[in-house]
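If you want the building blocks of each chain, they are given just below.
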Amino acid sequence: MQAPGGPNEDPSNDFPHGGWLVPSFDADMGAIMLDIFSRASAFLIGRGTYDIFSAHWPKVTDPGDLVAGKLNSLPKFVASNTRHDFTWNNSKQVADVLGELESIKNQFTGELQVHGSHGLAQTLIEHKLIEEYRLFVCPVALGQGKRLFHSFNSPAGLHLTGARSMRSGVIYSVYRPASKFKTGSFGFE
């Protein structure tokens, strides 16, 4: 999930493959992204994603750009323990995500969305606080970089609620947490 949009987006840990998503982005993916962003009432993002987004999206001023319009105007809650001031329109620090999440969610009737935000996502996954995963799997194998399902101590089952393949080879899948994690065996007993 690291640096999908460009070489300089997130080069941390000497990640050399920034921009890996761009060749796979097509009209189908664009339509899905518009649908996803149309549902947003607010965003919860990590500090690193805030830095990336706030350097890019305020420069997109086309009033017809739904994604830019949503990101530039809607409330943005930034998970950070070290930074307190955020200058991008309608941005606010959240120092205790786990303690404040319910209160934040209750402020909105639409979706509180998380985009990018590797470290924040790890915390939300670990504490089973994600209600729906919307995943794009691209036809690339990078071998390194930040991963969504990196390492956590609470395995979870997921229930597929929708999927779509695109001409570019991208698979879009929507999952909700399953009621419980299951294992099994093909062994003879």
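Now for a quick tour of the structure. Residue positions within a chain follow its written sequence, with the count starting from 1. Thresholds applied to this predicted model are a pLDDT of at least 70 for local features of residues and 80 or more for the giving and counting of side-chain atom pairs; totals over whole chains, interfaces and linings are not thresholded and use all residues. Each side-chain value is worked out from all heavy atoms of the structure, with water and hydrogens disregarded.

Here's the deal with the sheet that holds strand S3 (residues 91-94)
The following threshold applies: Pairing between strands is defined by DSSP: at least two bridges between them are needed. Elements are defined by DSSP. Helices are runs of H or I of four residues or more, strands are runs of E of two residues or more, and each kind is numbered from the N terminus. Geometry is summarised by axes, namely lines fitted to C-alpha atoms with helices restricted to the contacting stretch, and by angles between N-to-C directions that run from 0 to 180 degrees. Pairs of residues are marked as contacts when any of their non-hydrogen atoms sit within 4.5 Å.
The strand order across the open sheet built from four strands is S3-S2-S1-S4, with neighbouring strands paired in parallel fashion. Here the strands that pair on one side only, and so sit at the sheet edges, are S3 and strand S4 (111-113). Taking the axes of each pair of neighbouring strands and ignoring which way they run, one obtains an average angle of 25 degrees across the sheet. Pairing analysis gives four bridges linking strand S2 (residues 76-79) to S3, with the strands arranged parallel. Each residue of the ladder has a partner; that of Lys76, found in S3, is Ser91. Against the sheet, helix H1 (residues 27-38) touches strand S1 (40-46) and S4, its axis set at about 100 degrees to S1.

Observations regarding the packing of aromatic side chains
Short version of the rule: For Phe, Tyr and Trp, where Trp contributes only its six-membered ring, two rings pair if their centres lie within 6.5 Å, and the inter-plane angle classes them as stacked under 30 degrees, edge-to-face over 60, or tilted in between. Look at NZ for Lys and CZ for Arg. If either is within 6 Å of the ring centre and within 35 degrees of the ring normal, a charge sits over the ring.
Summed over all chains, the structure comprises six aromatic pairs. Geometrically, the ring pair formed by Tyr133 and Phe149 is tilted, given 5.6 Å between the ring centres and 45 degrees between the ring planes. With Tyr133 in strand S5 (residues 133-137) and Phe149 in the loop between S5 and strand S6 (158-165), this residue pair connects regions lying 16 residues apart in the sequence. One aromatic cluster in this structure is built from Tyr50, Phe86 and Trp88. The side chain of Lys76 reaches across the aromatic face of Trp88, ending 4.6 Å from its centre.

Such coordinate-based values are descriptive only and should not be taken to indicate function.
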